[in-house]
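What follows is each chain in one-letter form.
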Amino acid sequence: MKMLKTILKQFLNKPATTMFPYVPLENFEGTRGHLVFDPAKCTSCMMCMKRCPSQAITVQRAEKIWTLDRFRCVMCGNCVDVCKFDALLMEREYAKSATPAQRSVETYEITYVKPERPKKETAE
Amino acid sequence: MWGEYSRLHSHLLWLGLFADSLGFESLFYQAWKIRESILDEMEATTGGRVIQGVCKVGGVRRDVANSFLSDMDDRLDEIEDEMKDLTNVFLNDYTLTKRLVGKGVLSKEDAYYLGAAGPTARGSGLDLDARSTGYLAYGDIGFKPVVEKGGDGYARCAVRCKELFQSVEIIRRVITDMPEGDVFTPVKGNPDGEYFSRSEQPRGEVIHYLKGNGTKHLAQFRVRTPTLTNIPPLVSILAGCELADVPQIVLTIDPCIGCMER
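Definitions and limits used
Residues numbered from 1 in each chain as written. Chains lettered and ligands numbered in written order. Predicted model: local features only at pLDDT ≥ 70, side-chain atom pairs only at ≥ 80, totals over all residues. Heavy atoms only, no water. Helix = DSSP H or I, 4+ residues; strand = E, 2+ residues; numbered from the N terminus. Buried < 20%, exposed > 50% of the residue type's maximum accessible area, 1.4 Å probe, protein only. Contact = heavy atoms within 4.5 Å. Areas by Shrake-Rupley, 256 points an atom, 1.4 Å probe, with all protein chains shown as cover. Lys, Arg positive; Asp, Glu negative; His and termini not counted. Charge placed at Lys NZ, Arg CZ, Asp CG, Glu CD. Core = buried A, V, L, I, M, F, W, Y, C linked by side-chain atoms within 4.5 Å. pLDDT = per-residue confidence, 0-100. Axes fitted to C-alpha atoms, helices over the stretch in contact; angles between N-to-C directions. Parallel < 35°, antiparallel > 145°, perpendicular 65-115°, else oblique. Left-handed = near helix turned anticlockwise from the far one by under 90°. Nonpolar A, V, L, I, M, F, W, Y, C, P; charged D, E, K, R; others polar. Pairing = 2+ DSSP bridges. Arc of directions from axis to C-beta. Disulfide = S-S within 2.5 Å. Patch = residues over 30% accessible without salt bridge, like charges linked within 9 Å, V, L, I, M, F, W, Y side chains within 5 Å. Salt bridge = Lys/Arg side-chain N within 4 Å of Asp/Glu carboxyl O. Phe/Tyr/Trp six-rings, centres within 6.5 Å; stacked < 30°, edge-to-face > 60°.

## Things to note about the overall build of chain B
- Secondary structure summary: chain B contains 12 helices and five strands in total.
- The principal-axis extents of the C-alpha atoms in chain B amount to approximately 60 × 45 × 30 Å.
- The buried share of chain B, taken over its 262 residues, is 44%.
- At a minimum sequence separation of 6, the contacts of chain B that also span at least 24 residues come to 65%.
- When the accessible surface of chain B is totalled, it reaches about 13,300 Å², and 55% of it is carbon and sulfur.
- Here chain B contributes 30 positively and 38 negatively charged side chains, and the mean placements of these two sets differ by 6 Å.

Here's what the structure looks like:
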């Protein structure tokens, strides 16, 4: 008898599976999906490189290159918390998957230009 | 609060796997369907589904808004109703009771001397729970462990089912009593000295041991996971049981292969 109730409920309710690739996935605002880097704000302080637990980020200050290995990134968010210049952001969409053959390191050139401060006038 | 949500999702995962091992595949999916709503709660508050990444030296990284907490209370009502239907099947179904009662018995003395932890010990009548020591906020909410006598597979399953409802109650109490304030205090200085911490994970008691020597690197770090200590009781349970019961009995201690390997 209890089974009958369950069977009837199954006919009347909508199915529990979501048609995932056709229906876009909804996740939440604070979800740690994938990492986005803004080269115009990075001052090469290298704090993200020091804080990354899986060593996915490398920064070369002399050549002004910032690289990210997306396979190593675990989306912990340490680099986002530590960056004082807001150059790193965590987006909502989940990271796309790829095969090991497609694995590569993403490289960005840092295009930060230090803003000129007006020269202080020497008091006379 | 996050610890109790974690416990809910782990027990529901276990119930699903257990149902699957007994052959009840649609019950497996029902359990995981409820688990999905709990994982949604965790993702909305912490950003990750299973791996929260929310603890930090000195506090936690994120805060939960008050309006969100009151919505969470309503969602917990729905989750609790669904869980009642689910655990009703586990505890009262004819086939399940025939297959679990009396199989894989662990007596109370054996459980104590062989070092059982978590629901394995609590299913045999031992009152062992690291949450009784009152760490974090457990001391303020008056916590009593769920203990079942019997020591067989049914008792361990019943411990986990009842812990689901206990976790929901704890979350509700925490939501009503949550204090305002900072979630993080900055910590200065280098780690020095040693620290030993016991916490209750869904599978049992986890011990973290840390030793610092004054520099920013740690001298020693060790984690002892509960599945490792549940293996000697498992060996004593398996002696003398029927071959067809072995998968269920191994699953009743909730083995985690990664933890066993430690």
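## Looking at the nonpolar core
- One finds B:Leu15 and B:Phe90 to be the most contacted residues of the largest nonpolar core, which totals 34 residues.
- Take this core: its biggest share by element is nine residues, from helix H1 (residues 2-22) of chain B.
- For B:Phe90, the residues in contact, after removing those within four places along its chain, are B:Leu15, B:Phe18, B:Ala19, B:Leu27, B:Leu96, B:Tyr154, B:Cys157 and B:Cys161.
- By size, the runner-up hydrophobic cluster in this structure holds 16 residues, among which are A:Leu35, A:Val59, A:Leu68 and A:Leu88.

## So, the confidence of the model for chain B
- Confidence in the prediction for chain B averages 83 pLDDT; 100% of positions are at 70 or higher.
- In the model output, the complex is listed with pTM 0.78 alongside ipTM 0.71.

## Some remarks on the packing of helix H3 (residues 66-92) of chain B against helix H8 (residues 153-177) of chain B
Residue and element names in this part refer to chain B.
- As a packed pair, H3 and H8 sit with axes 10 Å apart at the nearest point and diverge in direction by 165°. As the angle between them shows, H3 and H8 are arranged roughly antiparallel. Seen along the crossing, H3 lies across H8 with a hand that is left-handed. Residues Leu69, Met72, Asp73, Leu76, Asp77, Glu80, Met83, Lys84, Thr87, Phe90 and Leu91 of H3 form the contact with H8, whose participating residues are Tyr154, Cys157, Ala158, Cys161, Leu164, Phe165, Val168, Ile171, Arg172 and Ile175.
- The residue makeup of the contact of H3 with H8, split by class, is 15 nonpolar, one polar and five charged.

## Digging into the sheet that holds strand S5 (residues 105-109) of chain A
Residues and elements named next belong to chain A.
- Overall, antiparallel pairing links the three strands, which are arranged S2-S3-S5 in an open sheet. Whereas interior strands pair on both sides, the edge strands pair on one side only; in this sheet they are strand S2 (57-60) and S5. For this sheet the average axis-to-axis angle between neighbouring strands, irrespective of direction, equals 15°.
- Where S2 lies against strand S3 (residues 65-69), four bridges are found, and the strand directions are antiparallel. By the bridge assignment, Val59 is partnered in S3 with Trp66.

## Examining the pairing of strand S5 (residues 218-224) of chain B
- Of the pairings in the sheet, the one linking strand S4 (residues 204-213) of chain B to S5(B) comprises six bridges and is antiparallel in character. Bridging across to S5(B), B:Ile207 finds its partner in B:Arg224.

## Brief notes about helix H10 (residues 231-238) of chain B
Residue and element names in this part refer to chain B.
- All of the buried residues along H10 are Pro233, Leu234 and Ile237. One side of H10 holds all its buried residues, which, seen down the axis, span an arc of 105°.
- Looking at the packing, one finds that the buried side of H10 touches helix H5 (108-114), H8, helix H9 (226-229) and helix H11 (246-252).
- Phi for Gly240, located one or two positions after H10, is positive at around 95°.

## Concerning the state of the cysteines
All names here are of chain A.
- Across all of its chains, the model carries zero disulfides over all chains by this definition.
- No disulfide involves Cys52; its sulfur sits 6.2 Å from the nearest other cysteine sulfur, which is in Cys76.
- Overall, Cys52 belongs to the buried group, its relative accessible area being 15%.

## Observations regarding the sheet that holds S5(B)
Residue and element names in this part refer to chain B.
- Reading across the sheet, the three strands line up as S3-S4-S5 and stay open at both edges, with antiparallel pairing between neighbours. Two strands bound the open sheet, and with one partner strand each, they are strand S3 (192-201) and S5. Averaged over neighbouring strand pairs, the angle between their axes works out to 10° when direction is ignored.

## Focus: a negative patch on the surface
All names here are of chain B.
- Taken together, Asp71, Asp74, Glu78, Asp81, Glu82 and Asp85 make up a surface patch of like negative charges.
- Along the chain, Glu78 turns up in helix H3.
- Residue classification places Glu78 among the exposed positions, given a relative accessible area of 53%.

## Notes on the packing of aromatic side chains
All names here are of chain B.
- All told, the structure shown has six aromatic pairs over all chains when counted by the stated rule.
- Between Trp14 and Phe18, the aromatic rings sit 4.7 Å apart at their centres with planes inclined by 15°, giving stacked as the arrangement. Residue Trp14 and its partner Phe18 are located together in helix H1, separated by four residues, close to a single helical turn.
- The interplanar angle of 25° and the centroid separation of 5.2 Å between the aromatic rings of Phe28 and Tyr29 together place this pair among those described as stacked.

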